[in-house]
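Spelled out from the first residue to the last, the chains are:
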Amino acid sequence: MPTSITPPPIGRFAPSPTGELHLGSLTTALASFCHIKSLGGRWLLRIEDTDNERCDQQFTEQILIDLEALGLHWDGDIIYQSERIDIYNDYLSSALRPLTYGCECSRKDLEQYWAKEQQANALDEPHQLQPNRTHYPRYCVSKQLDRQQHKLRIQLPDYWVGFNDGIQGIQWDNPQQTLGDMVARRQDGMINYILAASIDDGLQKVSHIMRGLDILPMTTAQVSIMHAAQLPAVDHWYHLPLICNADGQKLSKQNLAQPIDTRDPSSLIAMALQLLQQPDVDKDTPANMLKQAIAQWDNTPLQGKQQLSAIEP
Ligand code: GLU
């Protein structure tokens, strides 16, 4: 009798090493780890270091040290996106080629265009609040500019894409209306991060993506890029509420969230689990605490929430 073997679920944590882990990125790592392990899956680690102006090897090293100290051990080899630029370029010149075109417009040209458009709209309908139009006006779409000498833009589809988010519920968005023809590769060769993430999630056969709510506006673009590139689809999406400080501001590197201090990893795990509204675990070694957290993992308390409040340690 033929037997079918279902592959294990695959999740991942994909930090950009533009700073050390803070409470926000720690909770993403912990939640995605416990969730995928509670399903019997594998947890991959991908370092998203394509932005060589902002990423730093020292941050990568510290992220790895912190994850190890917390007992968040990844499965398989770490993937570094900076070593995979040829793969992204191959997709841009093959499966994604029909959607991409060279563009010579500078930021300054576009700012002038948007300012004029806004003025014209304000004259047409002076009483209406004008939307902030920042979409690329497609000046270069049919110019056939040299693809190597210019930045490349990608035409995202102008239709509604939907998916069921396991935390935020049903989501619908039109990627073209939200992001326009976004830059897929800058003139200096830097690859757009959602494009690189889409290709890697497909190639790594990631089935479950759990990440911060700040990336939700990019998700339908990711779904459509993966579809156009004929990569396996991600079946399960979860966008976690953002961790905010006492003033309601998202904890991020930009607003100088404190790096985590892993000298007392057990207390840190207990605090992050509490923040994620999980049942208490006994204070123990990180490995034993994680075992208990995995056994008790429950997305329900997070459902429908967009923010969680934290007092930084
Ligand atoms: N690299 C992104 C970040 O650190 C996360 C991207 C993702 O999880 O898809 O914010």
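Our subject is the structure listed above.
Because the structure is a prediction, the values reported are computed rather than measured. (Residues numbered from 1 in each chain as written. Predicted model: local features only at pLDDT ≥ 70, side-chain atom pairs only at ≥ 80, totals over all residues. Heavy atoms only, no water.)

1. Quick word on the packing of helix α1 (residues 23–38) against helix α9 (residues 286–296)
Orientation of α1 relative to α9, taken along the N-to-C sense of each, is 65°, at an axis distance of 8 Å. For the pair α1 and α9, the crossing hand works out as right-handed. Residues L30, F33, C34, K37 and S38 of α1 pack against L290, A293 and I294 of α9. Of the residues contributing to the contact of α1 with α9, the split by class is six nonpolar, one polar and one charged. (Axes fitted to C-alpha atoms, helices over the stretch in contact; angles between N-to-C directions. Helix = DSSP H or I, 4+ residues; strand = E, 2+ residues; numbered from the N terminus. Left-handed = near helix turned anticlockwise from the far one by under 90°. Contact = heavy atoms within 4.5 Å. Nonpolar A, V, L, I, M, F, W, Y, C, P; charged D, E, K, R; others polar.)

2. Overview of the sheet that holds strand β1 (residues 10–13)
Strand order in the open sheet made by the three strands is β1-β2-β3, with parallel pairing throughout. Taken across any chain shown, the strands that pair with only one partner, and hence form the sheet edges, are β1 and β3 (79–80). Across four bridges, β1 lies against strand β2 (residues 42–47) in parallel orientation. Looking at β2, one finds that F13 is bridged to L45. Along the sheet, helix α2 (residues 57–69) makes contact with β1, β2 and β3, crossing β2 at roughly 160°. (Pairing = 2+ DSSP bridges.)

3. Points about the site of the ligand
Around the ligand, the neighbouring residues are R12, A14, P15, S16, E48, R211 and I215. At 2.8 Å, a side-chain N or O of S16 approaches a nitrogen atom of the ligand. E48 is positioned with one of its side-chain polar atoms (N or O) 2.6 Å from a nitrogen atom of the ligand. By residue class, the composition of the shell around the ligand is three nonpolar, one polar and three charged. (Near = heavy atom within 4 Å. Polar contact = N/O pair within 3.5 Å; in protein donor to acceptor, adjacent residues only side chain to side chain.)

4. Thoughts on the pairing of strand β5 (residues 151–154)
Side chains of β5 alternate between two faces, with K151 and R153 and L152 and I154 buried alike. Pairing analysis gives four bridges linking strand β4 (residues 100–103) to β5, with the strands arranged antiparallel. In the sheet register, G102 faces β5, and the bridge partner there is L152. Across three bridges, β5 lies against strand β8 (residues 182–185) in antiparallel orientation. Bridge assignment links R153 to a residue of β8, and that residue is V183. (Buried < 20%, exposed > 50% of the residue type's maximum accessible area, 1.4 Å probe, protein only.)

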